[in-house]
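Each chain, written out:
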Amino acid sequence: MNTQMIKYACDGLFANEMEDYLEQNFEEFYALNIITGAPISIYEKMERLVKFMAATEDDELREEARICVDIITNALSELEHMAETSVIIAETRWQDYDDGDTLTYTNHSNHISPCASFIELKEAILDEIESDTDVRSFDESDREWYEFVIWNKTVSDDGRIKYQNGAYRYVMIRDEICFVESIETVKDFYSWKCLFGSSDLNLPVPFNAGDIVTIDCRPFADPQNLLITDARDRYDCCGLRGAFCDEDGNLHIDSVKHGHCFPKLYRSRLSPLYRMKVSTEPLKENEKRLERIQQVMLRYPEGLRDTFGNILEGVKDNWF
């Protein structure tokens, strides 16, 4: 197994349990989705992808990585070579079950003024943060992220001014651009599939039925706990099932790898797999139900706990 390739793909991107497990169960084709979907800057993604391209002997994977590098390069070029008449239009976004768009359960604010450069945009965001908190800095615990597009100003022959979107949409976590999407997603498969999020990241996991794990998808979703109910097929995208509670304590069971880990069918842009770890903190009051179910599951032999988890899905509203 190519240990350098594992390092390029996994090093520092996962919680310890996941990183250790993947080092022993790594497949080369995991690398592309791991790197592009991670919550790291697109500069670091490009660096890891270039190293991966040099290490792999798989021509198809090398070509897919090259396409992703080209997309990042083009997106950065669009940003770094803005015309004098172009402006950045940005918005602050946050998860919002109560007052968000019912299709995504996110809300947004357009208080950031149009900016002439990325440096100016970061200063404008800091202005907003300082006005709200009196502290002029980004915080790792922030529940907000930022999305922006470039508007290019053109003047027609008859003198009319028109603004047209640039080619990409950019997503920032704190002060780093971490995801990019081609505006024409149908024509740009890799931008849509790889570089604009990781909701469907499919990797084997070290967790078993009966484990309570913590998932942390900040800033796209608040940390919460879920109980693994079925982990028999560690390689299938739908094979990892988890139970979680909404704020009223109602129980939900769904596919973890597809990001169905949150109330109201909300899906985080970031996969829960990156920061997933066995829970060590006391559960919140609305999550106590998970402990009661876990106590019953752990009475069964390890090989039968997944079966219990399947039965639980059909009767969850009447038990515990």
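Details of the structure are given in the entry above.
Below, the structure is looked at part by part. Note that this is a predicted model, so its numbers are computed, not measured. (Residues numbered from 1 in each chain as written. Predicted model: local features only at pLDDT ≥ 70, side-chain atom pairs only at ≥ 80, totals over all residues. Heavy atoms only, no water.)

Per the stated rule, a full pass over the model turns up 12 aromatic pairs. Consider the rings of Tyr97 and Tyr266, whose centres lie 5.9 Å apart with planes at 85°: the pair is edge-to-face. One end of the pair, Tyr97, is in the loop between strand 1 (87-95) and strand 2 (106-109); the other, Tyr266, is in the loop between strand 9 (251-255) and strand 10 (277-278), and 169 residues separate them in sequence. Residue classification places Tyr266 among the buried residues on the basis of a relative accessible area of 2%. Where Phe148 meets Tyr170, the ring centres are 4.7 Å apart and the plane angle is 5°; that geometry is what we call stacked. Linking Phe148 in strand 3 (residues 144-155) with Tyr170 in strand 4 (residues 161-173), this pair joins segments that are 22 residues apart in sequence. In this structure Phe148 comes out as buried when scored by relative accessible area, which is 1%. Taking the relative accessible area as the measure of exposure, Tyr170 reaches 0% and is therefore buried. An aromatic cluster is defined as three or more aromatic residues linked by ring pairs; in this entry it consists of Tyr97, Tyr105, Phe262 and Tyr266. (Phe/Tyr/Trp six-rings, centres within 6.5 Å; stacked < 30°, edge-to-face > 60°. Helix = DSSP H or I, 4+ residues; strand = E, 2+ residues; numbered from the N terminus. Buried < 20%, exposed > 50% of the residue type's maximum accessible area, 1.4 Å probe, protein only.)

Moving on, we come to the sheet that holds strand 1. Within the open sheet, the 5 strands sit side by side as 2-1-3-4-5. Their pairing is antiparallel. Of all the strands in the sheet, the pair left with one neighbour each is strand 2 and strand 5 (176-182). Strand-to-strand twist across the sheet, computed as the mean angle between neighbouring axes with direction ignored, equals 35°. Note that strand 3 and strand 4 share 9 bridges and pair antiparallel. Within the sheet, the bridge partner assigned to Glu147 lies in strand 4 and is Val171. Relative to strand 4, helix 5 (residues 59-80) is tilted by about 125°, and along the sheet it contacts strand 1, strand 3, strand 4 and strand 5. (Pairing = 2+ DSSP bridges. Axes fitted to C-alpha atoms, helices over the stretch in contact; angles between N-to-C directions. Contact = heavy atoms within 4.5 Å.)

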